Amino acid sequence: MKLIIAEKPDQGSTLASIFKSKKQNGFIEIFPNETFTNGAYVTWAIGHLCQLVNPEAYEPGWKKWSLDNLPMIPSQFQYEVTKDKVKQFSVIQKLVNNPAVTEIIHAGDAGREGELIIRNILRITGCRKPMKRLWISSLTPNSIREGFNKLLDEDHTKNLYFEAYTRACADWVVGMNASRLYSLLLQKQGFSDVFSVGRVQTPTLALIVKRELEIENFKSEPFWEVIAHFNIDGKKYSGKWQNDGETRVKTNDMAEKVAAFCREKPAEVSDVQSDRKEFQPPLLYNLSALQAEANKRYKFPPKKTLDVLQKLYQKGNVSYPRSDSRYVTVEEANTFPDILTKLSHIKGYDQYFPLPIETLVDNKRYVNEKKVTDHYAIIPTEQIPNVDRLDPDEKKLYDLIVTSLIAAHYPKAIAEYTTVTTLVDGRAVFQSKGKVQIEEGWRKVINQKEKEDEPALPQLVKGEQGRTVKVDVKESQTQPPKRYTEGQLITLMKTAGKHIEDKEMEKILSKTEGLGTEATRAGIITMLKDRKYIDVTKNLVYATAKARILIEAIGQEILASPEMTAKWEQKLKEISEGSASPKNFMEQTNKMVYHLISSGVDHAANWVFSEEVRENFTPSKKMTKGKGGTKLGKCKKCEGSIVDKGSFYGCSNYQKNQCNFTISKKILGKNITQKNVKLLLSEGKTELIEGFTNKDKTFNAKLYLDEQEKRVKFLFEEHNPKTVTKL
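One structure accompanies this document, and this report is about it. (Residues numbered from 1 in each chain as written. Predicted model: local features only at pLDDT ≥ 70, side-chain atom pairs only at ≥ 80, totals over all residues. Heavy atoms only, no water.)

### Focus: the overall build of the chain
Next up, step 1: Counting secondary structure elements, the chain contains 22 helices and 27 strands.
Next up, step 2: Along the longest, intermediate and shortest principal axes, the C-alpha atoms of the chain span 95 × 70 × 55 Å.
Next up, step 3: Across the chain, the fraction of contacts at a sequence separation of at least 24, relative to all contacts at a separation of at least 6, is 71%.
Next up, step 4: Accessible surface computed for the chain: about 35800 Å², of which carbon and sulfur atoms make up 47%. (Helix = DSSP H or I, 4+ residues; strand = E, 2+ residues; numbered from the N terminus. Contact = heavy atoms within 4.5 Å. Areas by Shrake-Rupley, 256 points an atom, 1.4 Å probe, with all protein chains shown as cover.)

Given below as structure tokens:
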């Protein structure tokens, strides 16, 4: 009899569902059949059933957080069963040791994490029985049946396990030592909190903080544009004045002079240039691309996308979700006609059929075996669901995956971009741009709106003449870099090599998976939120004061740079290929940790943190339990005091008399410092605060308290208050 161990309960049930079976407590008994002549048992982990033990399990003295205990480097790493999963582990252990079980079938997810989860369980149980590997990319009955009939030898995926195990141990060494190091050193600077540091999370955080500083240090400057409206023989359009290719004018005076010169003057079309562009259909989705698109369209956090996708996978409706490939093999391409035929009968998708292109088998844009790694792109399976019965989130993701496959069977889209140059009074040059869609192609299926759709221009010919009927001067301001969205963070992690100055390291990182893996990026972003390093408001990512403190402390250390990840990922990839030694990798990691501790202690004496960062730093509740906040001024509603309450400033008398007087800690993207709150409470207004952002527009203003309305308002130079938020 064989024992099948899946990664999750739902997957275990799905694997057993194609056979006659009986559910037991913690496992399923499969009755004898053609595939399993003696029957089989199916059991499951609950994700990571085992975890690396805490430092004190190796050395009792390591429980104390002390610089003297660093570095903590175990001679042999140990795993233990997670406390809340002991019951299921006992079920697995009993089945593994059952004399009737003669062979184990490893049925974890077909990736490095699945490899690690199941093999670690078997290690702890002390299993010595022969093992085979189930490796499938979808949970449809056909795939399951075929997978069981084509089991891989245990050695086939062993190196993938070595890579995952080495990755986990190295992350433990870096995380445990670096987190304690910087937490202890920063506590000496007055920042009483736990500062989590990690091999992937920290360089990701460094990129977010870099963008935060770029926004903060950006100085917005005004500029003007001169826009003329033309009538050329009854054909109307507009254009921007340009000088040496530049349409922005630095002074209002200059812009007004240009406008005055051009009004009511003759105009002539001096040049018409048309450029036809072709746009290929998008590639099929991998996880990162799907997370980015779902966030852009539906504001789904990356973890939500992965969770919903996992449900669709476990229902057998889509292929393996954690794929890093956007290509398929010829074998998968041959299944598309059958899948698409079924989709053609579904209301909503029927409008796209018949397809302009019958097959993708010979299309190298999608079918490329060399670019398929462990798994092919995320595609719908032949097990088509009743779309109307999917929950709303499942329906949205399923639609993205289906339409990407349909669009791949459509021709390229073709658009013509036209640039018209108009000469006013023979001297002033104006430029107009327009776009005409020539061939809709795949855009019929996926309506991708460009950032700014170019307006359609009338048919114009060089030499045509007319008049300038109106000229406007438009004032604008330069805008700071935009904040990342959660979806853009996924792309940022995937393409982190672009932020490396060392071209060789950039090349290495581009060949690996970037920062993190398809399976872990969503978790890293969630971790940064949970550990109060980032705030996400309306899908925009803000670095907290805590994040800035940590990244400033780490400084130029390799730990905060994608370079280190590039080197690590290269070596880990070599381990998975069997060409590098896990032992040598850990030795190099240990050396890096020794260096990190030494340099961290040396550099700590030179750390200088700005007053604003110190004021905005809020320790976690756990670290500040029982401590009262600093009094910033008198409450405007009662006799209490306004104190820093973490995410906002509020009255100290709330528990006593439910006084609800509060002041937001962040207004339109700007942190309101304790210094400005003190001024607001004592003098009625703050200093001038630069960089408020509202709908991609930035402005500067003071804040003032309206004593009567109990509101914070903007105070502009022209004394035109605007309500921001209730107090």
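There is more to say, and it comes next.
### A closer look at the sheet that holds strand β21 (residues 662-664)
Next up, step 1: Strand order in the open sheet formed by four strands is β18-β19-β20-β21, with antiparallel pairing between adjacent strands. Bordering the open sheet on either side are β18 (631-634) and β21, each of which pairs with just one other strand. In this sheet, neighbouring strand axes are inclined to one another by 20° on average, regardless of whether the strands run parallel or antiparallel.
Next up, step 2: Taken together, the three bridges between strand β20 (residues 648-651) and β21 define a ladder with antiparallel strand orientation. What sits directly across from F648, in β21, is S664.
Next up, step 3: Packed on one face of the sheet, helix α22 (residues 674-683) meets β18, β19 (641-644), β20 and β21 and runs near 15° to β18. (Pairing = 2+ DSSP bridges. Axes fitted to C-alpha atoms, helices over the stretch in contact; angles between N-to-C directions.)

### Quick word on the packing of aromatic side chains
Next up, step 1: Summed over all chains, the structure comprises 25 aromatic pairs.
Next up, step 2: Their ring planes at 20° and their centres at 6.2 Å tell us that Y182 and W607 sit as a pair that is stacked. With Y182 in helix α5 (residues 158-187) and W607 in the loop between α18 (582-604) and α19 (611-616), this residue pair connects regions lying 425 residues apart in the sequence. For the pair Y182 and W607, a shared accessibility class is recorded, and that class is buried.
Next up, step 3: With 6.2 Å between their ring centres and 70° between their planes, W607 and F609 make a pair best called edge-to-face. The same class applies to W607 and to F609, which are both buried.
Next up, step 4: By way of ring pairs, the aromatic residues Y182, F191, F195, W607, F609 and F617 are connected into one cluster.
Next up, step 5: Of note, K265 hangs over the ring of F261, and the distance from its end group to the ring centre comes to 4.1 Å.
Next up, step 6: In this structure, R443 packs its charged tip against the face of F279, placed 5.1 Å from the ring centre. (Phe/Tyr/Trp six-rings, centres within 6.5 Å; stacked < 30°, edge-to-face > 60°. Buried < 20%, exposed > 50% of the residue type's maximum accessible area, 1.4 Å probe, protein only. Lys NZ or Arg CZ within 6 Å of the ring centre and 35° of its normal.)

### Focus on the sheet that holds strand β1 (residues 2-6)
Two modes of strand pairing occur in sheets, parallel and antiparallel, and in both the strands are linked by backbone hydrogen bonds.
Next up, step 1: As summarised here, the arrangement of the seven strands in space is β2-β3-β4-β1-β7-β8-β9, forming an open sheet in which the pairing is mixed. Of all strands in the sheet, those bounded by a partner on one side alone are β2 (21-23) and β9 (152-153).
Next up, step 2: Note that strand β8 (residues 131-133) and β9 share two bridges and pair antiparallel. Residue pairing in the sheet places R133 in a bridge with L152 of β9.
Next up, step 3: The sheet strands contacting helix α3 (residues 112-125) are β1, β7 (103-107) and β8, and the helix crosses β7 at an angle near 150°.

### What about the nonpolar core?
Next up, step 1: Ranked by internal contacts, the top residues of the largest apolar core, which has 92 residues, are F77, I104, Y182, L186 and L205.
Next up, step 2: Of all the elements, α5 adds the most residues to this core, at 14 residues.
Next up, step 3: Setting aside anything within four residues of it in sequence, one finds Y182 in contact with V197, L550, A553, I554, E557, L596, G600 and W607.
Next up, step 4: Among the nonpolar cores identified, the runner-up in size contains 70 residues, and I30, I144, F148 and I346 belong to it. (Core = buried A, V, L, I, M, F, W, Y, C linked by side-chain atoms within 4.5 Å.)

### Considering helix α13 (residues 486-494)
Next up, step 1: Those residues of α13 lying buried are E486, G487, L489, I490, L492 and M493.
Next up, step 2: For α13, the secondary structure elements touched by its buried residues are α6 (201-217), α8 (287-298), α9 (302-314), α15 (521-530), β16 (534-537) and β17 (540-543).

### Observations concerning the pattern of salt bridges
Next up, step 1: Taken as a whole, this structure holds 41 salt bridges when the rule is applied.
Next up, step 2: Salt-bridge contacts for E163 lead to R112; the nearest nitrogen and oxygen are separated by 2.9 Å. One end of the pair, E163, is in helix α5; the other, R112, is in helix α3, with 51 residues separating them in the sequence.
Next up, step 3: Looking at E163, the relative accessible area reads 2%, which means it is buried.
Next up, step 4: Judged by relative accessible area, R112 falls into the buried class, the value being 17%.
Next up, step 5: In this structure, a network of salt bridges that share partners links the residues R112, E163, R167, D171, R199 and E569. (Salt bridge = Lys/Arg side-chain N within 4 Å of Asp/Glu carboxyl O.)

### Digging into the side chain of N590
Next up, step 1: Locating N590 in the fold gives a position in helix α18.
Next up, step 2: On the basis of relative accessible area, N590 is assigned to the buried category, the value being 18%.
Next up, step 3: Not counting the four nearest positions on each side in its chain, N590 is found in contact with I73 and V173.

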